[in-house]
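Chain by chain, the residues:
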Amino acid sequence: MADAAVATKKKPGWRTLVRSLKNPKSGYMALFGFAQGLPPALFLGTLYAWLSEAEIDLETMGVFSLVGLAYAFQFLWSPLLDKVDIPGLRKLGKRKQWIAPMQLIVGIALLVMSFLDPKSALGWFSLLAAIGAFASATQDIAINAWRIDVADEEATLDILSTITQMGFRLAALIGGALGLIIAERIGWPQTYVIMGAIMLAIGIAGLFAPDANVAKRSAALVAANEEEVAELYNMGEITEKVRNRALLAVGLLWAWAIGTVVVFMVRSMTAAPGARPDVTQFTTTYGPLIVIATVVLPAFIAAWVAKQKRDGTNVITAAPGVGAGHTVKFTDHLYRALVLPLVEFVGRMGWSLVLILALVLTYRICDSIWGVFAYPFYLGELNYTGDEVAFASKFFGVFAIILGLALGGWIITVMGRMFTLTLGAALAAATNLLYADLAIGGGTMQAASDAIGFTALVNFIAGVFQMPESEGLARLTFTIFWENLAIGIAGAAYIAWLSSIVAKRYAAVQYALLASLTLLVGTLGRGALGQMIEDRGYYFVFIFTALIGIVAVVLCILEWIRESRSKLAAGIVAPEAGEALPAE
């Protein structure tokens, strides 16, 4: 099996965890995870508070939400990061040549924004936000691939994935809640100076991070790249005619997707306020179509190519070599960047791809659908105050996620990745039942909170913050705490699993494509869920989403069985926690 994982015997547990945390790669992974979480908080969250203070109208603010498209559709330019080198920076390493410059661009964008008045220089302000978001989304692609590249027996993929999430969550807290607190005291320009300086510092520190190919010379890498492209002409490979047909079909689909996004952004930025297209409607309508055009249909094309190669149809029967009649063409490079990652993945997974895609589409469905309705539920349905919700979700909630990530990382080292993935799915589904109880008064949540002393702890901390006494604060905090703990455990396992099934050689493209599918069902389901809340109420919806979560649990068990059988077939008997990564 191509790129199959090779296991090494290793005793899982605290020793593995401590050894991984001591590795310098873990420290850089924490920095990179932080760098991934800070820009979205500043460009998509905190920025709106600054715009509100500057008295920017809501419709204009809506245009700023376009920067979120960079994160939603980052997979559209992910092939570039796998196969294109930045002149003069390739010696930094395959991934670092993209990571460090993008982090510096984000930092510079934040610093320049701090010197502008959003009311009088809105055009420049929006341009900088767009550039910063694009650079941030690009570094995300490269960092995800870097994590997969550098993981080894010391700094394991599971631990690095957990550290990524912890850094991301911490950055979201600092860029969000802490950013608001800082701005109240020293002002928005000074706050963005601080955040920009942090990103610049991370970008500089990232120059010294290890990289999978950092010891190799650029000329050697270019030669190796040419050699890999030349492999397309080996005996048994698909003929150039079939490759070009597949490339044309996939290229047209991706060109339509990229063109659709670009046209929408140009229309939104240049049209009069009343004529601007709706961002939410575009994401809901065209988002799934773009994913179908760039993931689903190309996957079918890749499956067709893989089948031709497997059956020996339309393959090269004699290989005179590139130097004997064949020259490497631009289309060969393009095929290798755009089509071959899909062909490799489909060919390696076979029919198991159906199971993997089903799991990707459903694993995070509970929290991805529910997220947008959280504040209407807390504030509108349960009538909590904004301060109470912030106390429960930002203070206790973020702490619970970080605790869950740490706990999830430890469980992975002891019990294995698939056990933790299944446990995370089960816990995420079960926490919907906690919210169902909250929707009908929260009596059980209150009793449980009282019984373990959680209520006393919440009341004590609320008193320290001089918050007004609230009878229901403890049960709200109790529910959010356990939900976020489950999200942390599930998130640690999910990122580790997603990273483990891609091939290093095509990590940027394969991971970006799979990650984009994670939010698809959530995007499609929110409209239907909103209507269901209107018709049946929150209690029914929470029971319904808990049942949906059971689907993810079943799929996790099936994937667990599939992976176990694959390892047995490959003669791998070492513990899962000691796995090495897919080979180059």
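Just so we're clear, the structure is a prediction, and the values are computed from it rather than from any experiment.

1. Some details on the overall build of the protein
Check the secondary structure of the protein and you find 25 helices and two strands. Across the 584 residues of the protein, 54% fall into the buried class. The contacts in the protein between residues at least 6 apart in sequence include a share of 85% that link residues at least 24 apart. Total accessible area on the protein is roughly 24,900 Å²; 68% of this is exposed by carbon and sulfur atoms.

2. Some remarks on the packing of aromatic side chains
For the structure shown, the criterion picks out 25 aromatic pairs. The interplanar angle of 70° and the centroid separation of 6.0 Å between the aromatic rings of Phe478 and Trp482 together place this pair among those described as edge-to-face. A residue pair is termed a helical-turn pair when its members lie 3 or 4 positions apart in one helix, as Phe478 and Trp482 do in helix α22 (residues 473-500) at four residues. Members of the aromatic cluster, joined through ring pairs, are Phe391, Phe395, Phe396, Phe454, Phe478, Phe481 and Trp482. The ring of Tyr335 has Arg243 lying over it, and the distance from NZ or CZ to the ring centre is 5.9 Å. Positioned above the aromatic ring of Phe540 is the side chain of Arg536, whose terminal nitrogen or guanidinium carbon lies 3.9 Å from the ring centre.

3. Overview of helix α14 (residues 340-349)
With nine of its ten residues buried, α14 lies for the most part within the structure. Taken together, the buried positions of α14 are Leu340, Pro341, Leu342, Val343, Glu344, Phe345, Val346, Arg348 and Met349. One or two positions beyond α14, positive phi appears at Gly350, with a value near 60°.

4. Examining the side chain of Gln139
Residue position: Gln139 is located in helix α7 (residues 122-150). In contact with Gln139, not counting residues within four places along its chain, are Ala35, Gln36, Pro39, Met102, Gln103 and Met199.

5. Here's the deal with the environment of Tyr494
You can see Tyr494 is positioned in helix α22. The exposure class assigned to Tyr494 is buried, which follows from its relative accessible area of 2%. As for Tyr494 and Leu421, which are separated by 73 residues in sequence, their C-alpha atoms are 6.1 Å apart. Sequence-distant contacts of Tyr494, defined by excluding residues within four places in its chain, comprise Val360, Tyr363, Arg364, Leu421 and Thr518.

6. A look at the pattern of salt bridges
Within the structure shown, the criterion is met by six salt bridges. Between Arg417 and Asp158 there is a salt bridge, and its shortest N-O distance comes to 2.7 Å. Highlighted residues: Arg417 in helix α19 (residues 417-439) and Asp158 in helix α8 (residues 157-186), separated in sequence by 259 residues. For Glu344, the salt bridge goes to Arg348, with nearest N and O atoms at 2.7 Å. Residue Glu344 and its partner Arg348 are both found in helix α14; the two are separated by four residues, about one turn of the helix. Here the two residues Glu344 and Arg348 agree in accessibility, since each one is buried.

7. Some details on the confidence of the model for the protein
Averaged over all residues, the pLDDT of the protein equals 81, while 83% of them reach at least 70. The secondary-structure element of the protein with the lowest mean pLDDT is strand β1 (residues 5-7), recorded at 38, while helix α6 (residues 96-114) shows the highest, at 93. Ignoring residues within four places in sequence, the model shows residues 1-12, a span with pLDDT below 50, making 35 contacts including any to other chains. Confidence drops under a pLDDT of 50 for residues 577-584, and excluding neighbours within four residues, the segment shows 32 contacts in the predicted structure.

8. Observations concerning the nonpolar core
Counting 119 residues, the largest nonpolar core has Phe75, Leu76, Tyr335, Leu421, Trp497 and Ile501 as the members making the most contacts within it. Here the element with the most residues in this core is α7; it accounts for 13 residues. The residues touching Trp497, leaving out its near neighbours within four places in the chain, are Ile356, Leu359, Val360, Arg417, Met418, Leu421, Glu559 and Glu563. Residues Ala374, Tyr384, Tyr435 and Tyr538 belong to the second largest nonpolar core, which totals 19 residues.

9. Observations regarding helix α18 (residues 386-415)
Along α18, the sharpest change in direction is near 35° and occurs at Gly397. The first or second residue beyond α18 is Gly416, which carries a positive phi of 105°.

10. Focus on the packing of α22 against helix α23 (residues 507-518)
Direction vectors running N to C along α22 and α23 enclose 140°, while the axes themselves pass 10 Å from each other. On the basis of the axis angle, α22 is oblique to α23. Pair α22 / α23 crosses with right-handed handedness. Here α22 contributes Tyr494, Ile495, Leu498 and Ser499 to the contact with α23, which in turn contributes Tyr511, Leu514, Ala515 and Thr518.

11. Remarks on unusual backbone geometry
Excluding glycine, residues mostly have negative phi values, and the peptide bonds linking residues are mostly trans. Even without being glycine, Asn314 reaches a positive phi, approximately 55°. Looking at where Asn314 falls in the secondary structure, it is placed in the loop between α12 (279-311) and α13 (330-338). Take Asn314: its relative accessible area is 39%, and that puts it in the partly exposed class. Backbone geometry at Asn383 places phi at a positive 60°, although glycine is not the residue there. Topologically, Asn383 is positioned in the loop between α17 (374-381) and α18.

12. Side note on the environment of Glu55
In this fold, Glu55 is placed in the loop between α2 (24-53) and α3 (58-64). We classify Glu55 as exposed; its relative accessible area is 59%. When the C-alpha atoms of Glu55 and Lys119 are compared, they prove to be 7.5 Å apart, with 64 residues separating the residues in sequence.

13. Overview of a nonpolar patch on the surface
Together, Trp256, Tyr286, Leu289, Ile292, Val296, Leu297 and Phe300 make up an exposed nonpolar region whose accessible area comes to about 630 Å². By residue number, the principal contributor to the nonpolar patch is α12, which donates six residues. With respect to the helices, strands and loops of the structure, Trp256 is situated in helix α11 (residues 240-270).

14. Points about the side chain of Arg475
Note that Arg475 resides in helix α22. In this structure Arg475 is buried but unpaired, with Glu471 as the nearest side chain of opposite charge at 4.8 Å. Here the side chain of Arg475 touches Gly441 through a polar contact of 3.4 Å, landing on its backbone oxygen.

15. Thoughts on the environment of Gly287
Summarising the element assignment, Gly287 is placed in helix α12. In this structure the C-alpha to C-alpha distance between Gly287 and Val261, which are 26 residues apart in sequence, comes to 9.4 Å. Excluding residues within four positions of it along the chain, Gly287 makes contact with Phe73 and Phe282.

Quick notes on the rules
- Residues numbered from 1 in each chain as written.
- Predicted model: local features only at pLDDT ≥ 70, side-chain atom pairs only at ≥ 80, totals over all residues.
- Heavy atoms only, no water.
- Helix = DSSP H or I, 4+ residues; strand = E, 2+ residues; numbered from the N terminus.
- Buried < 20%, exposed > 50% of the residue type's maximum accessible area, 1.4 Å probe, protein only.
- Contact = heavy atoms within 4.5 Å.
- Areas by Shrake-Rupley, 256 points an atom, 1.4 Å probe, with all protein chains shown as cover.
- Phe/Tyr/Trp six-rings, centres within 6.5 Å; stacked < 30°, edge-to-face > 60°.
- Lys NZ or Arg CZ within 6 Å of the ring centre and 35° of its normal.
- Salt bridge = Lys/Arg side-chain N within 4 Å of Asp/Glu carboxyl O.
- pLDDT = per-residue confidence, 0-100.
- Core = buried A, V, L, I, M, F, W, Y, C linked by side-chain atoms within 4.5 Å.
- Bend = angle between axes of the 7 residues up to and from the residue.
- Axes fitted to C-alpha atoms, helices over the stretch in contact; angles between N-to-C directions.
- Parallel < 35°, antiparallel > 145°, perpendicular 65-115°, else oblique.
- Left-handed = near helix turned anticlockwise from the far one by under 90°.
- Patch = residues over 30% accessible without salt bridge, like charges linked within 9 Å, V, L, I, M, F, W, Y side chains within 5 Å.
- Lys, Arg positive; Asp, Glu negative; His and termini not counted.
- Polar contact = N/O pair within 3.5 Å; in protein donor to acceptor, adjacent residues only side chain to side chain.

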